[in-house]
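# Structure assessment
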Amino acid sequence: MASAAEQLAANMNWGVFAQATELKKRIWFTLGALIVYRLGTYIPLPGIDPHALADVFSRNQGGILGMFDMLAGGALSRMTLFALNIMPYISASIILQLLTTMAPSMIALKKEGEAGRKKINQYTRYLTVVIAAFQAWAIAAGLEAMTGSSGAVVVDPGLFFRFTTVVTLVGGTMFLMWLGEQITARGVGNGISLIIFAGIVANLPQALVATLELGRTGALHPLLILVLLLMAVGVIAFIVFMERAQRRILIQYPKRQVGNRLYGGESTHLPLKINTAGVIPPIFASSILLLPTTVASFYAGSGPDWLQGLVGWLGHGQPVYMLLYAALIAFFAFFYTAVVFNPHETADNLKKHGGFIPGIRPGKNTAEYMDYVLTRLTVVGALYLVFISILPEILITRLAVPFYFGGTSLLIVVSVTMDTVTQVQSHLLAHQYEGLIRKSKLKGRRG
């Protein structure tokens, strides 16, 4: 028999959505904030020659700068106010998450509850400023060393240019961090994820038009374009299935007698996702493998021989690149899963509250069982991430597909869309429950 929540979800329609005034306000606020973000990606930094910059980025599209520019919605290639995007904040968050599992002081701070969470968030903001300042200074120094076909990228290099670049880029990152927090608190969905989502989606129409134009001119066969579109739909369906897939571990709570009444005895489930690590493994693996290519591009072919040889081995489509890419994705999938989910801590919490897994002793045996199940799930999740990430590399090298198909961008788009839709459904359910409660109160007063 369906639960009350499932029955309400089945009866949702546009009429229910039209009556949810609070939800509509949140959606409009989210859209307005994302429009502000997109406008900021077109405000250029002062002192930059746009033609020389475009020429430099056209030669470095295969490096790490190209990947970051995709996540930033083109803001990096245009070198605008939001060129760093929200990436320094994500890096700071990952570092703090690692510290909360290794540093004793941070572990104790995490156990303090809401007060500890606020302090960790404050430390994350401070670390974001430091990382953003370092990256902004590196970008300013790199821009001064770049030259395009039309001349130097920086019109007037010097200390003043570096200072203004650091202040502008750090300010843009901190504004995006604040904007993401406002979307999370007053809008719908996770603000940080939606900002990255908006940057990726903004480039999809341009990529689709460019692909169709290649089909019109005969550079790509129309049948191949149709097959690619059908394959994209299939990959999206596969990602949705894998992201929603989970293993539910049965948790039982014993009965207890208080006076003449029995309490407890209920059972629940502990859901373990197949892909616990999310999109972190492909991002980290791509960053590490594309770093030599990016460093070599700054030398413009005049670097040391060993660096040029390494770039040749790690080129897109090369067997060594494919093997290392798959190995790094699998490694980071296991590593980040171990950071996010701690079986021993979960087993201790269950033991404190009287919960147990049927047939498994509480404590150490429960932790070992959870670790065993999580390891098998992570193997499947790592293979899934490797397949999704390797697929675009094969299409680009073998079929000369001119756009980034699948991989990190498609994972982010699908995952963020699913999370946002889930939150919208939660708001609609809450609105319907409030309506039922008000009706029951009115009936009680009439009675």
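Computed from a prediction, not measured in an experiment: that's the story for all the values here. (Residues numbered from 1 in each chain as written. Predicted model: local features only at pLDDT ≥ 70, side-chain atom pairs only at ≥ 80, totals over all residues. Heavy atoms only, no water.)

### Considering the overall build of the protein chain
What the protein chain contains, in helices and strands, is 18 helices and six strands. Considering the protein chain as a whole, with its 447 residues, one finds that 42% of them fall into the buried category. Within the protein chain, contacts between residues separated by at least 24 positions form 73% of all contacts whose residues are at least 6 apart in sequence. (Helix = DSSP H or I, 4+ residues; strand = E, 2+ residues; numbered from the N terminus. Buried < 20%, exposed > 50% of the residue type's maximum accessible area, 1.4 Å probe, protein only. Contact = heavy atoms within 4.5 Å.)

### Some thoughts on a nonpolar patch on the surface
A surface patch of nonpolar side chains, about 390 Å² in accessible area, is lined by Leu 223, Leu 226, Val 227 and Leu 230. Mapped onto the elements of the fold, Leu 223 is located in helix H12 (residues 222-244). (Patch = residues over 30% accessible without salt bridge, like charges linked within 9 Å, V, L, I, M, F, W, Y side chains within 5 Å. Areas by Shrake-Rupley, 256 points an atom, 1.4 Å probe, with all protein chains shown as cover. Salt bridge = Lys/Arg side-chain N within 4 Å of Asp/Glu carboxyl O.)

### Quick word on the packing of aromatic side chains
Considering all chains together, one arrives at eight aromatic pairs under this definition. The interplanar angle of 25° and the centroid separation of 5.6 Å between the aromatic rings of Tyr 321 and Tyr 325 together place this pair among those described as stacked. Here the residue Tyr 321 and the residue Tyr 325 both occupy positions in helix H15 (residues 319-340), the gap between them amounting to four residues, near one helical turn. Classification of Tyr 321 as buried rests on a relative accessible area of 2%. Tyr 325 sits in the buried class, given a relative accessible area of 0%. (Phe/Tyr/Trp six-rings, centres within 6.5 Å; stacked < 30°, edge-to-face > 60°.)

### So, helix H3 (residues 21-40)
An ideal rise of 1.5 Å per residue puts 28 Å on 20 residues; H3 measures up with 29 Å between its terminal C-alpha atoms. Those residues of H3 that fall on the buried side of the exposure criterion are Leu 23, Arg 26, Thr 30, Ala 33, Leu 34, Tyr 37, Arg 38 and Gly 40. End-on, the buried residues of H3 take up no more than an arc of 160°, which puts them together on one face. Looking at H3, the residues exposed on the side facing more than 90 degrees away from the buried face are Lys 25, Trp 28, Ile 35 and Leu 39. (Expected span 1.5 Å × (residues − 1). Arc of directions from axis to C-beta.)

### Focus on the environment of Tyr 384
Take Tyr 384: it is sitting in helix H17 (residues 364-398). If sequence neighbours within four positions are ignored, Tyr 384 has contacts with Phe 238, Ile 239, Met 242, Glu 243, Asn 275 and Leu 411.

### Let's talk about the packing of helix H10 (residues 159-186) against helix H11 (residues 191-217)
In contact at an axis separation of 7 Å, H10 and H11 are set at 115° when each is read in the N-to-C sense. In terms of orientation, H10 lies roughly perpendicular with respect to H11. Residue-level inspection shows Leu 176, Met 177, Gly 180, Ile 183 and Thr 184 of H10 in contact with H11, the latter providing Gly 191, Ile 192, Leu 194 and Ile 195. A breakdown of the residues in the contact of H10 with H11 according to their chemical character gives six nonpolar, three polar and no charged. (Axes fitted to C-alpha atoms, helices over the stretch in contact; angles between N-to-C directions. Parallel < 35°, antiparallel > 145°, perpendicular 65-115°, else oblique. Nonpolar A, V, L, I, M, F, W, Y, C, P; charged D, E, K, R; others polar.)

### Comments concerning the environment of Ala 185
Residue placement: Ala 185 occurs in helix H10. Separated by 159 residues in sequence, Ala 185 and Arg 26 have C-alpha atoms that sit 9.3 Å apart.

### Here's the deal with the confidence of the model for the protein chain
Looking at the protein chain, the pLDDT average stands at 79 and 77% of residues meet or exceed 70. The least confident element of the protein chain is helix H1 (residues 4-10), whose mean pLDDT is 46; the most confident is H10, at 92. Across residues 1-9 the pLDDT falls below 50, and counting only partners more than four positions away or on other chains, this stretch makes 10 contacts in the model. (pLDDT = per-residue confidence, 0-100.)

### Points about the packing of H3 against H10
Viewed as axis vectors pointing N to C, H3 and H10 meet at an angle of 170°, and their least axial separation amounts to 9 Å. Looking at the two axes, H3 sits roughly antiparallel to H10. Taken as a pair, H3 and H10 cross one another with a handedness that is left-handed. Between H3 and H10, the contacting residues are Arg 26, Phe 29, Thr 30, Ala 33, Leu 34, Val 36 and Tyr 37 on the first element and Phe 175, Leu 176, Leu 179, Gln 182, Ile 183, Ala 185 and Arg 186 on the second. When its residues are assigned to classes, the contact of H3 with H10 shows 10 nonpolar, two polar and two charged. (Left-handed = near helix turned anticlockwise from the far one by under 90°.)

### Topic: the environment of Gly 189
Tracing the sequence through the fold places Gly 189 in the loop between H10 and H11. Judged by relative accessible area, which is 3%, Gly 189 ranks as buried. C-alpha of Gly 189 to C-alpha of Ile 27: the two residues are 162 residues apart in sequence and 9.3 Å apart in space. Those residues in contact with Gly 189, other than ones at most four positions away along the chain, are Ile 183, Thr 184, Leu 194, Thr 420 and Gln 423.

### Remarks on the pattern of salt bridges
According to the stated counting rule, one finds five salt bridges in the structure shown. Where Arg 26 meets Glu 22, a salt bridge forms, and the shortest distance between an N and an O atom there is 3.6 Å. Residue Arg 26 and its partner Glu 22 are located together in helix H3, separated by four residues, close to a single helical turn. Residue classification places Arg 26 among the buried positions, given a relative accessible area of 18%. Taking the shortest distance from any N to any O, the salt bridge between Glu 243 and Lys 273 comes out at 3.9 Å. Pair noted here: Glu 243 is in helix H12 and Lys 273 is in strand E6 (residues 267-273), with a separation of 30 residues, a long-range link.

### Details of H12
With 23 residues, H12 extends 34 Å from end C-alpha to end C-alpha; this agrees with the ideal 33 Å at 1.5 Å per step. Those residues of H12 that sit buried are Ile 225, Leu 228, Ala 232, Val 235, Ile 239, Met 242 and Glu 243.

### A few points about unusual backbone geometry
We note that Met 79 has phi near 50°; this positive angle belongs to a residue other than glycine. Relative to the helices and strands, Met 79 is located in the loop between helix H6 (75-78) and helix H7 (87-102). Assessed through its relative accessible area of 3%, Met 79 is described here as buried. For Asn 85, which is not glycine, the phi dihedral falls at a positive 55°. Locating Asn 85 in the fold gives a position in the loop between H6 and H7.

### Focus: the nonpolar core
Looking at soluble globular proteins, one finds that nonpolar side chains tend to be buried together. In terms of nonpolar packing, the biggest core is built from 58 residues, with Ile 239 and Ile 249 touching the most fellow members. Built from parts of two domains, this core gets at least three residues from each of domain 1 (20-214) and domain 2 (220-427). Apart from the residues lying within four places of it in its own chain, the contact partners of Ile 249 are Thr 268, His 269, Leu 270, Leu 272, Ile 357, Tyr 369, Met 370 and Val 373. Of all hydrophobic cores here, the second largest spans 22 residues; its members include Ile 48, Val 56, Val 166 and Leu 169. (Core = buried A, V, L, I, M, F, W, Y, C linked by side-chain atoms within 4.5 Å. Domains from an automatic or database assignment.)

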